[in-house]
Amino acid sequence: MKRRSVVLWTVAVAITLTSAAWQRRTGPTYPVDGEVSLGERRVALQLERSHGGEGDQPVRIRVEDAEVTAELAWRRFPTSEPWSVIPMIREREWLAASLPHQPPAGKLEYQVRLTRGAERRVFPPRPAVTRFKGHVPVGILAPHIALMFVGMLLSTRAGLEAVVPGGRPRRLAQVTLACIGVGGLILGPLVQKAAFGALWTGIPFGYDLTDNKTLILGLAWAWAVWRARGDRPARWDVLAAAAITLAVFVIPHSTWGSQLKWDGGQSLILAWRAGRPFRRRLSSSPQARIKL
C-alpha cells in the first residue's frame, strides 16, 4: 500500500509540474525569446509581456557590439495608430529604453529595431504585446499561487486515487476543494482587484477566462465533495472533477484577460463593473473600454 501511494504521488507531481510549465510558457504574458544575426554575431533577446506597478516598463537588451544601435517602436493595442519610435540608449553592453506607463489592463504592442551599418533587423517580426497592471502585494499573490498549485496537485492525486482498485479519494477531494476555494475564489478576486481594479470579471459580469475557469473548478469539486458525503466512494465524480481541473490548467494562463479597448478622441474610460457602466476621467487619456 505504501509503495502504491509513493507511485501515485510521483505521477501526480509529474503531471502537475508538466501542466503548470505548459500553462505558464504558452500564456500571453510569457516573455518573447529569440535571436537575430548582425554582422558575425548573434544577439539573444527577451521581451517582457507584462508590467506591474507604477512607472514605465523598461526594455533592455544585451548587445556587446558597440556598432549596433537600436530603436524601440510602440503603439497602443489594439489600434492602428502610427508607431512611436524612440532611440535606445547604450549603457555599456546594454541598450535600454522604456514603454510609457498605461492604466491597468492597458496594452501596448512593441518591437526592437536593431541596426549595424547597412544591416537592419526587427524583433520580433510580429510585435510583442505587453499588458500593464497594478501592484499586487506579495502577501496576496504568493498564497494564491501556492494554493492553486497545491490544489492542482491534490486534484491529480485524487483522480489517480479514484481509478485504482479500492481507492478512497473523499478526503483528497475535500482538501482540493478547500485549496481551490481559498486560493481561487477568495484570494483570486483580491489579486484581480489589485491588478485591474475589479474583484470579479467572470460570469455573470463578464467573460474573463481566468475567473470563469476558477468558477468551473469550484463547482466541479463542490459537486464531487457533495457526492462523496457520508463516506460514499463517488469515484466517477472525483475522476470527472480531476479531469476538468487538468483540462482547465492546460488552457494558457491570462487568456481572454481584462483589456482596455482604445476608441480614441475622448478623455474618458468606459468600463463595466457589476453589470453597470461607469465613467472615470483620466487626464489626457483617450476613451477606452475594459473588455472582460
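Refer to the structure above for everything that follows.
Residues numbered from 1 in each chain as written. Predicted model: local features only at pLDDT ≥ 70, side-chain atom pairs only at ≥ 80, totals over all residues. Heavy atoms only, no water.

**As for the packing of aromatic side chains**
Throughout the structure, instances matching the rule amount to one aromatic pair. Centroid distance Trp223 to Trp226: 5.4 Å. Interplanar angle 35°. Geometry classified as tilted. Residue Trp223 and its partner Trp226 are located together in helix H4 (residues 209–227), separated by three residues, close to a single helical turn. What makes Trp223 partly exposed here is its relative accessible area of 47%. For Trp226, a relative accessible area of 44% corresponds to the partly exposed category. Over the face of the ring belonging to Trp226 we find Arg229, whose NZ or CZ atom lies 3.9 Å from the ring centre. (Phe/Tyr/Trp six-rings, centres within 6.5 Å; stacked < 30°, edge-to-face > 60°. Helix = DSSP H or I, 4+ residues; strand = E, 2+ residues; numbered from the N terminus. Buried < 20%, exposed > 50% of the residue type's maximum accessible area, 1.4 Å probe, protein only. Lys NZ or Arg CZ within 6 Å of the ring centre and 35° of its normal.)

**Considerations on the packing of helix H2 (residues 138–163) against helix H5 (residues 235–250)**
Packing of H2 against H5 brings their axes to within 8 Å, and their N-to-C directions diverge by 140°. With respect to H5, the axis of H2 lies oblique. The hand of the H2/H5 crossing is left-handed. Facing H2, whose interface residues are Met148, Met152, Ser155, Ala158, Gly159, Ala162 and Val163, H5 presents Arg235, Val238, Leu239, Ala241, Ala242, Thr245, Leu246 and Phe249. Its residues placed into classes, the contact of H2 with H5 shows 11 nonpolar, three polar and one charged. (Axes fitted to C-alpha atoms, helices over the stretch in contact; angles between N-to-C directions. Parallel < 35°, antiparallel > 145°, perpendicular 65-115°, else oblique. Left-handed = near helix turned anticlockwise from the far one by under 90°. Contact = heavy atoms within 4.5 Å. Nonpolar A, V, L, I, M, F, W, Y, C, P; charged D, E, K, R; others polar.)

**Side note on a nonpolar patch on the surface**
Taken together, the side chains of Val182, Leu185, Ile186, Leu190 and Leu199 present a nonpolar region at the surface, about 400 Å² in accessible area. Along the chain, Ile186 turns up in helix H3 (residues 170–196). The exposure class assigned to Ile186 is partly exposed, which follows from its relative accessible area of 48%. (Patch = residues over 30% accessible without salt bridge, like charges linked within 9 Å, V, L, I, M, F, W, Y side chains within 5 Å. Areas by Shrake-Rupley, 256 points an atom, 1.4 Å probe, with all protein chains shown as cover. Salt bridge = Lys/Arg side-chain N within 4 Å of Asp/Glu carboxyl O.)

**Thoughts on the sheet that holds strand E4 (residues 57–62)**
Read from one edge to the other, the open sheet built from three strands follows the order E4-E8-E7, with strand pairing classed as antiparallel. Across the chains shown, the open sheet's two edge strands, defined by having one partner strand only, are E4 and strand E7 (89–91). Here the strands of the sheet are splayed against their neighbours by 35° on average, with no regard to which way each runs. Where E4 lies against strand E8 (residues 94–99), six bridges are found, and the strand directions are antiparallel. Looking at E8, one finds that Ile61 is bridged to Leu95. (Pairing = 2+ DSSP bridges.)

**Considerations on H3**
Between its terminal C-alpha atoms H3 stretches 37 Å, which fits the 39 Å expected from 27 residues at 1.5 Å a residue. The largest bend along H3 reaches roughly 40° and is located at Leu187, with the proline Pro189 sitting one to four residues downstream. (Expected span 1.5 Å × (residues − 1). Bend = angle between axes of the 7 residues up to and from the residue.)

**Regarding the nonpolar core**
Generally speaking, soluble globular proteins have nonpolar side chains that are buried together. Core analysis: the biggest nonpolar cluster contains 24 residues, and Ile61, Met88, Val112 and Leu114 have the highest contact counts within it. Of all the secondary structure elements, the ones that give two or more residues to this core are strand E1 (32–38), strand E2 (41–47), E4, strand E5 (69–77), E8, strand E9 (107–116) and strand E10 (119–133). Looking at this core element by element, the count peaks at four residues for E9. Among residues more than four places away in sequence, those in contact with Leu114 are Val36, Leu38, Leu45, Ile61, Val63, Val68, Thr69, Ala70, Glu119, Arg120 and Arg121. Ile180, Leu217, Trp221 and Phe249 belong to the second-largest nonpolar core, a separate cluster that totals 19 residues. (Core = buried A, V, L, I, M, F, W, Y, C linked by side-chain atoms within 4.5 Å.)

**Notes on the pattern of salt bridges**
Counting across every chain of the model gives 14 salt bridges. Salt bridges here are not isolated pairs; linked through shared partners, they connect Arg4, Arg157 and Glu161.

**Concerning H5**
With 16 residues, H5 ought to run about 22 Å at 1.5 Å a step, and its terminal C-alpha atoms sit 23 Å apart, in line with that. Those residues of H5 not exposed but buried are Asp237, Val238, Ala241, Ala242, Thr245, Val248 and Phe249. Angular distribution of buried residues about the axis of H5 spans 135°; they occupy a single face of the element. On its buried side, H5 packs onto helix H1 (2–26), H2, H3 and H4. (Arc of directions from axis to C-beta.)

**Some words on the side chain of Ser155**
On the secondary structure map, Ser155 appears in helix H2. Apart from residues no more than four positions distant in its own chain, Ser155 is found in contact with Thr176, Trp221, Ala241, Ala242 and Thr245.

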